[in-house]
Structure formats: structure tokens, C-alpha cells
Amino acid sequence: MITFKKTEWQSYLMQRDASHTRPSAPGDLICALGEIRWDPLLGYTVRITVKRRGQWDEDTELPDISRQVSNRATCPFCEPLFSSVVPGFFPTFSPTVHIQIGEAICFPNRYPYGTYSAVVIFSKDKHFISIGDFTPQDYRPAFDASLTYLSKVLDEDNQAHYQAITQNHLPSSGGSLIHPHLQVNADSVPTNFHTIMERALKAYAAESSSHYFHDLINEERNGDRQIADREHTFWLVPFAPAGQREVLGIIKNVSSLFDLSESAWEEIMAGIIAVQKFYRSLGVNSFNCALYNFPDPEGYYNVIVRMMTRSNYQPYPRNDMTYRETMLWEPSIEYYPEDMAQALKPYFVD
Ligand SMILES: [Zn+2]
């Protein structure tokens with residue numbers, strides 16, 4: 001049984017200026033409304049603070065980053081630098097110096113996060129892909145190269161089964177380079193996300209004799225937060241988003257990235273691209289994306305894909321993380337998830 005717990009809050013203040021952004025006059029009493037929501041699985045709290053959104057949704061033009069994009073000569077993921085600076089795998093790990101599938105190339109991260117830390121570029125020739133312009137032909141070989149790498153990792157260390165395929169798109173999302181790429185991670189030591197999710201999913205299964213993601217799909221089906229219900233995937237805006245404009249895709253009845261069918265991958269890629277097109281429609285150019293693997297002998301896990309927007313890559317952006325996220329560890333979400341799901345639905349057209 002999943003509980004969607006929330007409480008509403010009110011904050012009263014007196015208007016002192018004749019701000020044109022509010023339909024009120026000096027001296028008017030203003031009541032700001034919001035909510036505190038509890039994540040139904042993990043229990044963390046989120047503040048819904050739509051009044052703070054301010055100008056976020058007013059400018060839907062993507063920032064002009066043509067100057068930053070043009071600096072290709074210094075990009076290590078483009079030739080001629082690629083051939084001279086990008087590291088290669090040891091022959092004991094891979095018979096080829098890089099793992100190449102189509103135009104996608106996987107290589108060890110020059111600045112690794114752990115024992116197994118790789119980068120996958122979509123293509124040496126694609127120095128910049130704007131949000132929403134990615135295609136399945138970009139993602140499919142890149143995911144294949146990621147899976148080939150993760151499989152080789154498990155051949156070498158069968159305990160490195162806490163895995164993630166992730167994407168920082170543009171430097172404002174944490175990426176050090178504009179050139180589109182994925183980060184591929186595997187470790188025997190779980191990340192905090194893996195630890196917390198694994199513990200909670202197992203506890204849920206033990207307490208309810210049920211499966212959290214199956215139950216979540218059943219609870220959310222045809223509800224206000226559903227975006228799309230497909231043959232292999234279910235897409236929703238989480239009740240308590242952990243980041244701005246978070247989208248969760250649940251892959252039905254599959255618990256490992258290695259077991260996804262071709263048609264499931266097609267739905268995942270179509271979903272990732274549809275969400276990007278929605279983000280772009282809001283004037284947002286930067287996002288994070290992640291797919292996860294867990295050790296799952298008991299089948300408590302579903303493959304999930306998570307996406308969220310980040311501050312725009314542009315001169316002097318307002319960052320999307322405030323003291324609330326960094327110091328209080330409580331996301332402050334500037335929209336109602338139900339409103340976002342309705343706005344996102346048209347991007348999931350068949
Ligand atoms: Zn490049």
C-alpha cells in the first residue's frame with residue numbers, strides 16, 4: 001500500500017510595492033500557498049513552492065551559447081585532440097583500446113570516480129547536440145557501448161553490480177564539456193541512491209509482500225501525475241520530486257539493464273527524447289538523466305530512468321540548487337507535479 005502524504009502551508013505577507021507581476025496593490029494582504037510532500041517510498045520531504053518560480057517560465061527561448069559551442073579546437077572529444085589525449089582500456093580489460101559501436105565510443109574516464117568509471121561519446125563528429133535534438137540513432141549505440149562496458153566490468157569484478165548510466169547535458173548540469181556524452185559507473189560500493197533505494201525497496205517488499213514499482217504503477221495509472229502508459233514503460237511526474245521537473249520512467253517487469261528488449265529500449269529512448277523536447281519548450285537547455293542497475297536476486301527492483309532539469313547554461317544563471325537543497329537536504333519544487341504531467345503528455349504522442 002502506497003501512501004501519498006502531504007500537508008498544505010500558508011504564509012501571509014503584506015504587499016508594499018505595486019509590483020506588476022502580481023494582481024495586487026500596496027497594502028494588500030497576500031497569502032502564499034504551498035505544500036510539504038513526503039516521498040512515498042523513501043520518506044524525504046519536498047516543499048512545493050510555486051510562488052518562487054518567478055521568471056523561470058516566462059522566457060521560453062533557449063539561451064544563445066553559440067560562442068561556447070564554437071570552441072571546438074580545444075575539445076578533447078573532437079579530433080584532432082581525441083586521438084592524442086583520450087585514454088584507452090588495458091588489453092586485459094578490452095581487446096580494443098576503445099569500445100566502439102556505430103559512432104559511439106566508450107573509453108575510461110580520465111578523471112575517474114572509482115575503479116570503474118567510463119565515458120561514452122555519441123560521436124566524435126557531434127560536438128554539440130541541442131536538447132531535444134538527440135535521436136534514437138544517437139542513443140542506441142551509446143547505450144550499447146555502455147552495456148558492453150558494464151558487462152566487461154562484471155566479468156572482471158562480479159561485485160561491481162551497483163551501476164548507473166548517466167548524462168550531464170551541458171556544464172550547468174555538472175558536465176565538464178559541451179560535447180555530448182554519457183558517464184558510466186560501476187562499483188561494489190553502492191552510491192547513496194543505490195543504498196537508500198535498495199534498503200527501502202527490500203523493506204517495502206517485506207512489509208507488504210508486494211513490489212513497490214508494480215504498486216506505484218497501479219496507484220498512478222490514469223491519475224493526474226501519469227504522463228504515458230506504454231507496453232513496456234510507464235511515465236509519470238513523481239509525487240515528491242527530488243529535483244526540478246523530475247520525470248520517472250518505470251520499465252515494466254524488467255530488473256536489469258542487461259535484460260531490456262529492443263522494443264523496451266525504443267520506448268525508453270523515445271521517452272527520454274520526448275521529455276527533452278518538453279524541457280526545450282520551457283526554454284531549458286540542461287538536464288541530468290540516469291538509468292540504474294542493482295544486484296537483484298529477489299526481483300524487488302524495476303529498471304527506472306530519471307530525468308530532471310538543471311539551471312540553464314548561460315552567463316550568470318540562477319542556480320537550481322539553493323540552501324534548501326545543499327544545506328537542508330530538502331528539495332523546493334517550483335511547480336505542482338500534476339500540472340507538469342498534464343503539460344508533458346502531448347510530447348508522448350504515439
Ligand atoms: Zn567536441
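Predicted, not measured: the structure shown is a model, and the values here were computed from it.

(A) Local environment of the pairing of strand β6 (residues 116-121). Among the 6 residues that make up β6, 5 are buried, leaving the element largely enclosed by the rest of the structure. Two elements, strand β5 (residues 104-108) and β6, share 4 bridges in a ladder whose sense is antiparallel. Paired with Cys-106 across the strands is Val-120, a residue of β6. Both β6 and strand β8 (residues 181-187) contribute to a ladder of 6 bridges, which runs antiparallel. Along β8, the bridge assignment pairs Val-120 with Leu-182.

(B) Just the packing of helix α3 (residues 136-156) against helix α6 (residues 262-281), in detail. α6 packs onto α3 with a crossing angle of 125° between their chain directions and a minimal axis gap of 10 Å. Judged on the interaxial angle alone, α6 and α3 are oblique. Crossing handedness for the pair α3 and α6: right-handed. Residues Pro-136, Tyr-139, Arg-140 and Phe-143 of α3 form the contact with α6, whose own contacting residues are Trp-265, Glu-266, Met-269, Ala-270 and Ile-272.

(C) Quick look at the nonpolar core. Formed by 70 residues in total, the largest nonpolar core has its most connected members in Cys-106 and Val-120. At 8 residues, α3 tops the list of elements feeding residues into this core. If near-sequence neighbours (up to four positions away) are discounted, Cys-106 is found in contact with His-98, Ile-99, Ala-118, Val-120, Ala-145, Ser-146, Thr-148, Tyr-149 and Val-184. Among the nonpolar cores identified, the runner-up in size contains 5 residues, and Val-46, Ile-48, Ala-240 and Ile-333 belong to it.

(D) Looking closely at the sheet that holds strand β2 (residues 29-38). With mixed pairing, the 4 strands of this open sheet are ordered in space as β1-β2-β3-β14. At either margin of the open sheet sits one strand with a lone partner, and together these are β1 (6-14) and β14 (332-333). Strand direction decides the pairing type here: strand β3 (residues 45-48) and β14, joined by 2 bridges, are parallel. From the neighbouring strand, Ile-48 faces β14, where its bridge partner is Ile-333.

Criteria and cut-off values
- Residues numbered from 1 in each chain as written.
- Predicted model: local features only at pLDDT ≥ 70, side-chain atom pairs only at ≥ 80, totals over all residues.
- Buried ≥ 20, exposed ≤ 12 C-beta atoms within 10 Å, placed from the backbone.
- Helix = DSSP H or I, 4+ residues; strand = E, 2+ residues; numbered from the N terminus.
- Pairing = 2+ DSSP bridges.
- Axes fitted to C-alpha atoms, helices over the stretch in contact; angles between N-to-C directions.
- Parallel < 35°, antiparallel > 145°, perpendicular 65-115°, else oblique.
- Left-handed = near helix turned anticlockwise from the far one by under 90°.
- Contact = placed C-beta atoms within 7 Å.
- Core = buried A, V, L, I, M, F, W, Y, C linked by C-beta atoms within 7 Å.

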